[in-house]
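Each chain, letter by letter, is given below.
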Amino acid sequence: MRRAGTAVILCGGKSSRAGFDKQLLPCEGTTLPKAIARKLHALFPEIIIVTGTPELYAGSGFVVVEDIVKDAGPLAGIFTGLSYASSEYAYVTAGDMPYPNLHYIEWMTGLLDGGRFTAVAAREGRGHLEPFNAIFAARTAHLIEESLARGERSVSRFLRGCDGVKFISEETARGFSPD
């Protein structure tokens, strides 16, 4: 089993702010999530797309799954992706983030040496977290399931309350991508 051989792309949102299904946005000759998946495939042999509309990905060659826990937000999507992951860690991103920085992601996976971290995520100061450009240990799936069972759906709150999270400073993260 590869330490970090899985990428999870979350495409289950309702797109209520956008007013249309962002999964259908054209990008690089395909749709946005498929373009993201193609890029991430350079680092991760296993791509898992979590979506409420799996038919959009028929024939894509990627693992396509629906949320195990319905209508519980992105934390449920992460739980689903980790539940299906075949590697010890999974990189997690949103299906509307078209420009994954592969160098930064590869650097983050290098922090996993020894397997002691439960997650790796960037943090602005002591405040905002970036949970959709992060790495999660598959072993945290049961902790996420427990959070969901308690009605707790915040990914940031989960990360803040989880032992063993490696937080990357905003300054370090911006060194890879200033914007």
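For the structure given in this document, a descriptive report is provided here.

Thresholds applied
- Residues numbered from 1 in each chain as written.
- Predicted model: local features only at pLDDT ≥ 70, side-chain atom pairs only at ≥ 80, totals over all residues.
- Heavy atoms only, no water.
- Helix = DSSP H or I, 4+ residues; strand = E, 2+ residues; numbered from the N terminus.
- Buried < 20%, exposed > 50% of the residue type's maximum accessible area, 1.4 Å probe, protein only.
- Contact = heavy atoms within 4.5 Å.
- Core = buried A, V, L, I, M, F, W, Y, C linked by side-chain atoms within 4.5 Å.
- Pairing = 2+ DSSP bridges.
- Axes fitted to C-alpha atoms, helices over the stretch in contact; angles between N-to-C directions.
- Salt bridge = Lys/Arg side-chain N within 4 Å of Asp/Glu carboxyl O.
- Phe/Tyr/Trp six-rings, centres within 6.5 Å; stacked < 30°, edge-to-face > 60°.
- Lys NZ or Arg CZ within 6 Å of the ring centre and 35° of its normal.

1. Quick word on unusual backbone geometry
One non-glycine residue with positive phi stands out, namely Glu28, at about 50°. Residue position: Glu28 is located in the loop between strand E2 (26–27) and strand E3 (30–31). For Glu28, a relative accessible area of 51% puts it in the exposed group. Although it is not a glycine, Asp71 adopts a positive phi angle of roughly 55°. Relative to the helices and strands, Asp71 is located in the loop between strand E5 (63–65) and helix H2 (73–84).

2. Thoughts on the environment of Gly110
Summarising the element assignment, Gly110 is placed in helix H3 (residues 102–110). Between the C-alpha atom of Gly110 and that of Arg139, which follows or precedes it by 29 residues, the distance is 18 Å.

3. Description of the environment of Tyr104
By the secondary structure assignment, Tyr104 is in helix H3. Through-space distance from the C-alpha of Tyr104 to that of Phe176 is 5.9 Å; in sequence the pair is 72 residues apart. Setting aside anything within four residues of it in sequence, one finds Tyr104 in contact with Ala122, Asn133, Ile168, Ala173 and Phe176.

4. Considering the nonpolar core
One broad trend across soluble globular proteins is that nonpolar side chains are buried collectively. Judged by nonpolar contacts, the single largest core of 29 residues is most densely connected at Ile9, Leu40, Phe44, Ile47, Tyr91 and Met108. Where this core is concerned, the elements lending two or more residues are strand E1 (6–11), helix H1 (32–40), strand E4 (46–51), strand E6 (89–94), H3, strand E7 (119–123) and strand E8 (129–137). If you tally residues by element for this core, the top one is H1, at five residues. Ignoring sequence-local partners within four residues, the contact set of Ile9 consists of Pro33, Ile36, Ala37, Leu40, Ile47, Ile48, Ile49, Val50, Thr93, Ala94 and Gly95. Membership of the second largest hydrophobic core comes to 27 residues, among which are Ala85, Ala134, Ile144 and Cys162.

5. Quick notes on the sheet that holds E7
If you trace the seven strands from one edge of the open sheet to the other, you get E5-E4-E1-E6-E8-E7-E9, paired in mixed fashion. Looking at the sheet topology across the chains shown, the edges are occupied by E5 and strand E9 (165–169). Pairwise comparison of adjacent strand axes, ignoring direction, gives a mean angle of 25° for this sheet. The sheet contact formed by E4 and E5 spans three bridges and is parallel. Looking across to E5, one finds that Val50 is bridged to Val65. Its contacts with the sheet put H3 on E6, E7, E8 and E9, and the angle it makes with E8 is roughly 45°.

6. Digging into the pattern of salt bridges
This model, assessed by the stated rule, comprises five salt bridges. Residues Arg174 and Glu170 are paired through a salt bridge, measuring 2.8 Å at the closest nitrogen-oxygen approach. With a gap of four residues between them, Arg174 and Glu170 both fall in helix H6 (residues 170–176), about one helical turn apart. The partly exposed category is assigned to Arg174, whose relative accessible area is 37%.

7. With respect to the packing of aromatic side chains
According to the stated counting rule, one finds four aromatic pairs in the structure shown. Taking 5.8 Å as the distance between ring centres and 10° as the angle between the ring planes, the aromatic pair formed by Phe44 and Tyr91 counts as stacked. Of this pair, Phe44 sits in the loop between H1 and E4 while Tyr91 sits in strand E6, placing them 47 residues apart in sequence. Neither residue differs from the other here; Phe44 and Tyr91 are each classed as buried. One aromatic cluster is present, formed by Tyr104, Trp107 and Phe176 through successive ring pairs. Across the ring face of Phe167, the terminal group of Arg123 is positioned such that the distance to the ring centre comes to 4.1 Å.

8. Regarding the side chain of Glu46
Mapped onto the elements, Glu46 comes out in strand E4. In this view, Glu46 contacts Gly5, Thr6, Ala7, Tyr84, Ala85, Ser86 and Ser87; residues no more than four positions away in its chain are not counted.

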